[in-house]
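Secondary and tertiary structure notes
Chain residues, written in single-letter form:
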Amino acid sequence: MYEYMVAKDISALNKIYSDDFVLVHMTGMKQNKKEYLKAIENGTLNYFSQNLDEIIIKNDLKFIGRSRVSASVFSGGVHAWNLELTIELTPENLIKSIVASTY
């Protein structure tokens, strides 16, 4: 997923997110699939790199990924975050939701 985000590969991202995908940002702001992909494509969300620290499996359809991420979001400068993503999958292994926070 991060490789596609860094490359701005909207076609690949479109294939891994379910049609009803929702991202909940650290701020609590929610974006649906169309809004999120548009924000990546137009540069509102710019991802530069990520280094995976840990994956915690919660069950067959839910896991937590912890990564150090370099990004520029919503016209801010480039920052590094210890980003924790709680990811829920569909039974077809598409990403249904992501809730972002820090760790």
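Cut-offs applied
- Residues numbered from 1 in each chain as written.
- Predicted model: local features only at pLDDT ≥ 70, side-chain atom pairs only at ≥ 80, totals over all residues.
- Heavy atoms only, no water.
- Core = buried A, V, L, I, M, F, W, Y, C linked by side-chain atoms within 4.5 Å.
- Buried < 20%, exposed > 50% of the residue type's maximum accessible area, 1.4 Å probe, protein only.
- Helix = DSSP H or I, 4+ residues; strand = E, 2+ residues; numbered from the N terminus.
- Contact = heavy atoms within 4.5 Å.
- Pairing = 2+ DSSP bridges.
- Phe/Tyr/Trp six-rings, centres within 6.5 Å; stacked < 30°, edge-to-face > 60°.
- Axes fitted to C-alpha atoms, helices over the stretch in contact; angles between N-to-C directions.

One broad rule of soluble globular proteins: the nonpolar side chains tend to lie buried together. Core analysis: the largest hydrophobic core is formed by 22 residues, its most contacted members being Met5, Tyr17, Tyr36, Ile40, Tyr47 and Ile98. At the level of elements, helix H1 (2-7), helix H2 (10-16), strand E1 (17-24), helix H3 (33-41), strand E3 (45-59), strand E4 (62-73), strand E5 (79-89) and strand E6 (95-102) are the ones that each hand at least two residues to this core. Apart from the residues lying within four places of it in its own chain, the contact partners of isoleucine 40 are Met5, Lys8, Ile10, Leu13, Leu45 and Tyr47.

Where E1 meets E6, four bridges bridge the pair, whose relative direction is parallel. Paired with tyrosine 17 across the bridge in E6 is isoleucine 95.

To continue, consider the packing of aromatic side chains. In this structure the tally under the stated criterion is three aromatic pairs. Ring plane angle 70° and centroid distance 6.0 Å describe the contact between tyrosine 17 and tyrosine 36, whose orientation is recorded as edge-to-face. Separated by 19 residues along the polypeptide, tyrosine 17 in strand E1 and tyrosine 36 in helix H3 bring together distant segments of the chain. Grouping residues by exposure puts tyrosine 17 and tyrosine 36 together as buried. Arranged with centres 5.9 Å apart and planes meeting at 40°, the rings of phenylalanine 21 and tyrosine 36 form a pair that is tilted. With phenylalanine 21 in strand E1 and tyrosine 36 in helix H3, this pair connects stretches of sequence that are 15 residues apart. Ring pairing ties together the aromatic residues Tyr17, Phe21 and Tyr36, which thus form one cluster.

Next up on the list: the sheet that holds E6. Neighbouring strands of a sheet are bound in pairs by backbone hydrogen bonds; such pairs are parallel or else antiparallel. Taken in spatial order, the six strands line up as E2-E1-E6-E5-E4-E3 in an open sheet, and their pairing is mixed. Strand pairing shows two members of the sheet lacking a second neighbour, strand E2 (30-32) and E3, which therefore form its edges. The mean angle between the axes of side-by-side strands here comes to 20°, regardless of whether they run parallel or antiparallel. Where H3 meets the sheet, its contacts fall on E1, E2 and E3, and the angle it forms with E2 comes to roughly 95°.

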